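Here is what each chain is made of, one letter per residue.
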Amino acid sequence: MCILLCSLYYNIIIHYFILYIINCSTLNSKFVNMENFEEMANLFAIQNMEMQENVGLTKDLTRYLIELLSPFVEVKSRSSAIDLSTKVLIALNFFGTGSYQSPVGYNIFNAVSQPSVSRCVKEIVDALNQPQVINTWVKFPSNIQELNQVRDDFYRTTGFPGVIGCIDCTHVAIVPPSTNLNLVENHHPEYLYINRKNYHSINVQLICDSKLKILNVNALFPGSTHDNHIWNNSNVLPVVQELHERNLNDYYLLGDSGYPLRQWLLTPILNPSSAAEIHYNTKQMCTRSLIERCNGVLKARFRCLIKDRTLHYNPEKSSAIINACVVLHNLCITYNVPEYIYEELEENDMGIYQEVENNDVIHNNQQNRYLMLGRQQRNRIVQVLQNRI
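Residues numbered from 1 in each chain as written. Predicted model: local features only at pLDDT ≥ 70, side-chain atom pairs only at ≥ 80, totals over all residues. Heavy atoms only, no water.

(A) Region of the structure containing the overall build of the protein chain. Looking only at helices and strands, the protein chain features 14 helices and 7 strands. For the protein chain, buried positions account for 50% of its 389 residues. Residue pairs in contact within the protein chain that sit at least 24 positions apart in sequence constitute 69% of those at least 6 positions apart. Carbon and sulfur atoms make up 52% of the accessible area of the protein chain, which totals about 19,600 Å². (Helix = DSSP H or I, 4+ residues; strand = E, 2+ residues; numbered from the N terminus. Buried < 20%, exposed > 50% of the residue type's maximum accessible area, 1.4 Å probe, protein only. Contact = heavy atoms within 4.5 Å. Areas by Shrake-Rupley, 256 points an atom, 1.4 Å probe, with all protein chains shown as cover.)

Next up, the structure:
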């Protein structure tokens, strides 16, 4: 008798579920030709993901993502195993909402335990961090043709010549890491993760183009690390240095006054003394605001990165989640997913903190030479912009 009742209830649930799908006007035409119930249910879940407030991937992009990650996610053969589509949807839900894993697993569209959600998120994060994926979707220009394309796009968008990227750092909150130093859980002492706003974080360096696509991400340093130290350990620095050593001087990044002035990295003038210098600062800050907007769009799409959510993982796993969200952000930019920004996601220092130019420590003649050439480069751009008024 009990078995019969369970079977009856199951059939009733399935019946009304199918009726609901068939009667949904927005979905009806898409489900008419479905060959089986599993495919129908998967597409229904994807449709729901598109309508959820904080998950920014469209149905077509979600399908592409599932296909992209399929070579890197193991699919179990047992009947009770979670399929790849469900794993991707669960991970996207976590990235987009920043909710704890239990609410992600237990909702009206999933019935997945917290340990299973944890495994799903880990598998998808690991897949998005595979070199074949992240190096394809997060890539700094590697040749002159690509550099020229980025530079031309910046000029058309902002009117600022020579820019190949805007650079800045943003903090992603994490729970206090373990005090045990080891190469698996924590590379740095716990106190180094406390940033100047007195919470634990990872200081993430981003470089973006004029379309807000992220060209480079560095999520390896604790929250107290100075922006300039992260830049000095960036794999982009030797690339732009080599350009100028080869006399390709019309390519540079824009940064705030937390970075030292160099030929390849132009910063604001701290005390402008002429109309031309004020105009340069206005144009520089206006163009540099693209990276601040990029930070806002990234965290609005993937709210697991905002301060109020806080990543409940060790620093190594948190860095991998940040990288995964950057890959997804670039997918959204490439496939023209509409952006949205929630105001006041985090306080913006507008480049007024950590000023270093006037305190640029001259360790040797080479550093002194770099600063001198940086001033010459900036003065040249000041005149170029003034002549175009």
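(B) Spotlight on the pattern of salt bridges. Under the criterion given, the structure shown has 9 salt bridges. Between K122 and D126 there is a salt bridge, with its nearest N and O atoms 2.7 Å apart. With K122 and D126 both in helix α7 (residues 114–128) and 4 residues apart, the pair spans about one turn of that helix. Since its relative accessible area comes to 47%, K122 is described here as partly exposed. The partly exposed category is assigned to D126, whose relative accessible area is 33%. Here R246 and E242 are joined by a salt bridge, their closest N and O atoms 3.9 Å apart. Since its relative accessible area comes to 41%, E242 is described here as partly exposed. (Salt bridge = Lys/Arg side-chain N within 4 Å of Asp/Glu carboxyl O.)

(C) The nonpolar core, seen in detail. Within the largest apolar cluster, 75 residues are counted, with the highest numbers of intra-cluster contacts made by L65, L69, F95 and L128. The leading source of residues in this core is helix α13 (residues 315–334), at 11 residues. Contacts of L128, omitting those with residues within four sequence positions, involve L65, L69, F95, V133, I134, A324, V327 and L328. Within the second largest apolar cluster, 20 residues are counted, among which are L147, W231, V240 and Y251. (Core = buried A, V, L, I, M, F, W, Y, C linked by side-chain atoms within 4.5 Å.)

(D) Quick peek at the pairing of strand β5 (residues 214–222). Counted residue by residue, β5 has 8 buried out of 9 residues, so it is predominantly covered. Sheet topology places strand β4 (residues 201–208) next to β5; 6 bridges connect them, and they run antiparallel. Note on β5: the bridge partner recorded for I202 is P222. As consecutive antiparallel partners, β4 and β5 are separated by 5 residues, and within that stretch L212 has a phi angle of approximately 75°, a positive value. (Pairing = 2+ DSSP bridges.)

(E) Representation of the layout of surface pockets. Estimates place the volume of the second largest pocket at around 580 Å³. For the lining of the second largest pocket, the secondary structure elements donating two or more residues are α8 (131–137), β5 and α13. Per element, the largest residue contribution to the lining of the second largest pocket is 8 residues, and it comes from β5. Taken together, the residues that form the lining of the second largest pocket break down as 15 nonpolar, 10 polar and 2 charged. (1 Å grid on protein atoms, 1.4 Å probe; cavity = no way out; pocket = protein on both sides within 12 Å on 5 of 7 lines; lining within 4 Å. Points joined across faces, edges and corners; volume = space filled by probe spheres on them. Nonpolar A, V, L, I, M, F, W, Y, C, P; charged D, E, K, R; others polar.)

(F) The side chain of T158, seen in detail. Among the secondary structure elements, T158 is positioned in helix α9 (residues 144–158). At 3.2 Å, the side chain of T158 and the backbone nitrogen of F160 are in polar contact. Discounting residues that sit within four places of it in the chain, T158 has contacts with K283, T287 and L290. (Polar contact = N/O pair within 3.5 Å; in protein donor to acceptor, adjacent residues only side chain to side chain.)

(G) Up close: the side chain of D153. Tracing the chain through its elements places D153 in helix α9. According to the relative accessible area criterion, D153 is buried, its value standing at 13%. A distance of 2.4 Å separates a polar atom in the side chain of D153 from a polar atom in the side chain of R156. Setting aside anything within four residues of it in sequence, one finds D153 in contact with S210 and K211.

(H) Summary view of helix α11 (residues 237–245). Looking at α11, one finds that the buried residues are L237, V240, Q241, L243 and H244. In a view along the axis of α11, the buried residues occupy a sector of 155°, so they form one face of it. The positive-phi residue at the C-terminal boundary of α11 is N247, with phi of around 65°. (Arc of directions from axis to C-beta.)

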